[in-house]
Amino acid sequence: MIKQRRIWSWLVIGFAIALQFFWSFGASAAVTDYLQEQKFLTNVWQIVNRSYVDADFNHQNWYKVRRQFVNRKFNSHDDTYQAIREMLATLDDPFTRLLEPDKFKSMQTSTAGALTGVGLQIAVDEPKNNVIVIAPIEGSPADAAGLRSRDRIVGIDNIPTKGLSLDECATRMRGEIGSEVKLSIERPLANDKGFEKFDVVIKRDRIAVTPIIAKLNQEDNHKVGYIRLNQFNGNAATDMEKTIKKFKAEGADRYVLDLRGNPGGLFDAGLEIARMWIPEGTVVYTVDRHGVQESFEAKGSAITTDPLVVLTDGGSASASEILAGALQETNRAQLVGTKTYGKGLIQSLYELEDGAGLAVTIAKYETPLHHNIHKRGIIPNVEVALTEPITRQQLGTKEDPQYVAALSVLDGTYKKNVIAKS
């Protein structure tokens, strides 16, 4: 009997030890996970701390911000993501943002030259925080549906866009190829007389981004190389070089570079393309958080110095404005069209340990004459607005009033309206 009790005693003790080990292991694992989430958030905070363009971090103590968020209880990785989003929101900069792994992969694919979705470049129109179309990608479902630059997207599948981030809007517009999404649109009427409101249903598809569409036009006694640059992706610089050299070999003696509806893309692509047109001088300055300027110069290797006119509009943004500003202010080209969008900030992408990405505004850029175009845009030398929308097929033809104006500028027959730079 005593022996049996001893056996039961050892079983109870063994069970208690097993429970203690289990509890200790579980608690240790929970602590480890919690510490990992803290470490993940702190890593994001550190990247912003050492690289963000505004040394005042939107007039706040960035160390206090860290303490506010890092001491939260993270029950999941999604909780950590949410805390990071809230932390970055205190910067009041929509371009500095967290990209979850699928979104980060999609962005990398887009800059490489392909993506899936409806084919819209979108932005937030400050200070009203409206989600607006910068430009539809040529040949995309959104382009086929007739969406235009400056259209407002006020709803996605009956979900209002007010309060949604750009990435949330982009996520809602993504989906399986062949699936549909309904966009509620407000389109500005002429002379700011309100908005035309309508819904459009778009079928999602795979979108190949062709950076350049070009043709050699015979205009009276001149061969005009018309080059439409749609996006500064990974193929843009190589394709531009091939196009200019091809036209040059075919006898082109003047050029029209069309940046209308080009939302930008890779900074390096914009710089490389500028150097193909500009023989000498400064292309662009970048200014970091300490006010330190870095200049990027032409390399004396322009492919052609033949006359050039650049077409711009409100959909010309970011790298388009770097290129347009450089060509205008080095007197390499005149700009024809309407004022550009006005995005003068540069972002850098950082890959995080879980496959997510972090986009951080690291600098602002200035034109060769040190003009900051952020939220201001670039005013063309010759302002010509389109009174009626035109089709893609009409671009770069005699049915395109801005192209016709560009030809007159090249001929010297257009009465110049030189805008004082401010």
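Residues numbered from 1 in each chain as written. Predicted model: local features only at pLDDT ≥ 70, side-chain atom pairs only at ≥ 80, totals over all residues. Heavy atoms only, no water.

A few points about helix H10 (residues 401–411)
Part 1 of the argument: H10 sits mainly inside the fold: eight of its 11 residues count as buried.
Part 2 of the argument: Every buried residue of H10 is listed here: Gln 402, Tyr 403, Ala 405, Ala 406, Leu 407, Ser 408, Val 409 and Leu 410.
Part 3 of the argument: Immediately beyond the C-terminal end of H10, within one or two residues, lies Gly 412, with a positive phi of roughly 80°. (Buried < 20%, exposed > 50% of the residue type's maximum accessible area, 1.4 Å probe, protein only. Helix = DSSP H or I, 4+ residues; strand = E, 2+ residues; numbered from the N terminus.)

Quick word on the packing of helix H8 (residues 267–277) against helix H9 (residues 319–329)
When two helices pack together, their arrangement is captured by the angle between the axes and the distance separating the axes.
Part 1 of the argument: In the contact formed by H8 and H9, the axes pass within 9 Å of each other and the chain directions differ by 25°. Taken together, the axis directions place H8 and H9 in an arrangement best described as roughly parallel. Of the two elements, H8 crosses H9, and the hand of that crossing is right-handed. Residues Phe 267, Gly 270, Ile 273, Ala 274 and Trp 277 of H8 form the contact with H9, whose own contacting residues are Ile 322, Leu 323 and Leu 327. (Axes fitted to C-alpha atoms, helices over the stretch in contact; angles between N-to-C directions. Parallel < 35°, antiparallel > 145°, perpendicular 65-115°, else oblique. Left-handed = near helix turned anticlockwise from the far one by under 90°. Contact = heavy atoms within 4.5 Å.)

Quick notes on the sheet that holds strand E19 (residues 382–383)
Strand pairing in a sheet takes place through backbone hydrogen bonds and is either antiparallel or parallel in direction.
Part 1 of the argument: Within the open sheet, the six strands sit side by side as E10-E11-E12-E15-E16-E19. Their pairing is mixed. Two strands lie at the open edges of the sheet, namely strand E10 (212–219) and E19, each paired on one side alone.
Part 2 of the argument: Bridging between strand E16 (residues 334–337) and E19 involves two bridges; their strand directions are parallel. Note on E19: the bridge partner recorded for Gly 337 is Glu 383.
Part 3 of the argument: Contacting strand E11 (222–229), strand E12 (254–258), strand E15 (308–312) and E16, H9 crosses the sheet at an angle of about 140° to E15. (Pairing = 2+ DSSP bridges.)

Digging into the packing of helix H2 (residues 62–70) against helix H3 (residues 77–89)
Part 1 of the argument: H3 packs onto H2 with a crossing angle of 155° between their chain directions and a minimal axis gap of 10 Å. On the basis of the axis angle, H2 is roughly antiparallel to H3. Helix-helix and strand crossings are classified by hand; for H2 and H3 the assignment is right-handed. The residues of H3 that touch H2, namely those facing Trp 62, Val 65 and Phe 69, are Ala 83, Glu 86 and Met 87.
Part 2 of the argument: Counted by class, the contact of H2 with H3 contains five nonpolar, no polar and one charged residues. (Nonpolar A, V, L, I, M, F, W, Y, C, P; charged D, E, K, R; others polar.)

Some thoughts on the confidence of the model for the chain
Part 1 of the argument: Residue-level pLDDT values for the chain average 86, and 88% of them are 70 or greater.
Part 2 of the argument: Note on residues 417–422: pLDDT under 50 across the span, and 13 contacts to partners over four residues away in sequence or across chains. (pLDDT = per-residue confidence, 0-100.)

Some details on the environment of Asn 43
Part 1 of the argument: In this fold, Asn 43 is placed in helix H1 (residues 2–51).
Part 2 of the argument: Looking at Asn 43, the relative accessible area reads 22%, which means it is partly exposed.
Part 3 of the argument: On a C-alpha basis, the gap between Asn 43 and Glu 353 in space is 9.6 Å, while along the polypeptide they are 310 residues apart.
Part 4 of the argument: Residue contacts for Asn 43: discarding those within four places in its chain leaves Leu 352 and Glu 353.

Details of the nonpolar core
Within soluble globular proteins, side chains that are nonpolar tend to cluster in buried spots.
Part 1 of the argument: Core analysis: the largest hydrophobic core is formed by 40 residues, its most contacted members being Leu 229, Met 240, Leu 257, Ile 273 and Trp 277.
Part 2 of the argument: Elements with a contribution of two residues or more to this core: E11, helix H7 (236–249), E12, H8, strand E13 (282–287), E15 and H9.
Part 3 of the argument: Considering each element in turn, this core owes the most residues, seven residues, to H8.
Part 4 of the argument: In this structure, Val 48, Val 70, Ile 84 and Val 360 belong to the second largest nonpolar core, which totals 26 residues. (Core = buried A, V, L, I, M, F, W, Y, C linked by side-chain atoms within 4.5 Å.)

A few points about the environment of Glu 168
Part 1 of the argument: Counting through the fold element by element, Glu 168 comes out in helix H6 (residues 166–173).
Part 2 of the argument: Considering only alpha carbons, one finds Glu 168 and Lys 103, 65 residues apart in sequence, at a separation of 9.9 Å.

Let's talk about unusual backbone geometry
Part 1 of the argument: For Asp 157, which is not glycine, the phi torsion reads 50° and is therefore positive.
Part 2 of the argument: In this structure, Asp 157 sits in the loop between strand E5 (152–156) and strand E6 (159–160).
Part 3 of the argument: Positive phi outside glycine occurs at Ser 318, with the angle close to 55°.

Quick notes on the pairing of E5
Part 1 of the argument: Along E5, four of the five residues are buried, which leaves the element largely enclosed by surrounding structure.
Part 2 of the argument: As judged from the two bridges shared by E5 and E6, these two strands associate in the antiparallel manner. Bridge pairing in E6 links Ile 156 to Ile 159.
Part 3 of the argument: The turn joining E5 and E6, which pair antiparallel and follow one another in sequence, is formed by two residues; a positive phi near 50° is taken by Asp 157.

With respect to the pairing of E10
Part 1 of the argument: Relative to E11, E10 runs antiparallel, the two being bridged by eight bridges. Across the sheet, Ala 214 pairs through a bridge with Ile 227, a residue of E11.

Topic: the packing of aromatic side chains
Part 1 of the argument: Tallying each qualifying case throughout the model produces eight aromatic pairs.
Part 2 of the argument: Taken together, the aromatic side chains of Trp 45, Tyr 52, Phe 57, Trp 62 and Tyr 63 make up a single cluster linked through ring pairs.
Part 3 of the argument: Residue placement shows Arg 66 over the ring face of Trp 45; its charged tip is 5.8 Å from the ring centre.
Part 4 of the argument: Taking NZ or CZ as reference, Lys 343 lies 4.7 Å from the ring centre of Phe 95, over its face. (Phe/Tyr/Trp six-rings, centres within 6.5 Å; stacked < 30°, edge-to-face > 60°. Lys NZ or Arg CZ within 6 Å of the ring centre and 35° of its normal.)

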